[in-house]
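Chain and residue survey
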Amino acid sequence: MNNRHRQGVMLLDTVIGLVMIATVIAMLTAAASHQRRGGEHFALHRELTHEAETVLTALQQGRPAEAVHEQSTVRTRWLPAGEGDDALPWVEVRIERDGASATLTGWAPRPAEAEGGMP
């Protein structure tokens, strides 16, 4: 092999090595970004679940369902009472914010019952 041919092979090896390193860096950057977005989504879902617990607790204490976070939307849906178990009222609390939501179902007196009236 002549000297010029060896330099060409060495240059080709160097370029291939740099391309491989750039590919690995791009893959690691994409994975780190995906990990960060997943963590943010998980944290938001935990916040929404905690807010749903807070709203359900307020309903159980006879208080109105109010959002804890000003950008959250609270939706309550009273479920049909079951037969036999003294028709315990169940409510589904759904919290929505930033395109995510959390739903929690639990027992709570209807607002009229909380005030001593009839449902």
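Cut-off values and rules
Residues numbered from 1 in each chain as written. Predicted model: local features only at pLDDT ≥ 70, side-chain atom pairs only at ≥ 80, totals over all residues. Heavy atoms only, no water. Pairing = 2+ DSSP bridges. Helix = DSSP H or I, 4+ residues; strand = E, 2+ residues; numbered from the N terminus. Axes fitted to C-alpha atoms, helices over the stretch in contact; angles between N-to-C directions. Core = buried A, V, L, I, M, F, W, Y, C linked by side-chain atoms within 4.5 Å. Buried < 20%, exposed > 50% of the residue type's maximum accessible area, 1.4 Å probe, protein only. Contact = heavy atoms within 4.5 Å.

1. Description of the sheet that holds strand E2 (residues 90–97)
In space, the three strands of this open sheet follow the order E1-E2-E3, with antiparallel pairing throughout. Both outer strands of the open sheet, strand E1 (73–79) and strand E3 (100–107), are each paired with one neighbouring strand and no more. Averaged over all pairs of adjacent strands, the angle between their axes in this sheet comes to 20°, without regard to strand direction.

2. Examining the nonpolar core
Core analysis: the biggest nonpolar cluster contains twelve residues, these being Leu44, Leu48, Ala52, Val55, Leu56, Leu59, Val91, Val93, Ile95, Ala100, Ala102 and Ala108. Those elements that place two or more of their residues in this core are helix H1 (3–60), E2 and E3. Apart from residues lying up to four places away in sequence, alanine 100 is in contact with Leu44, Leu48 and Ile95.

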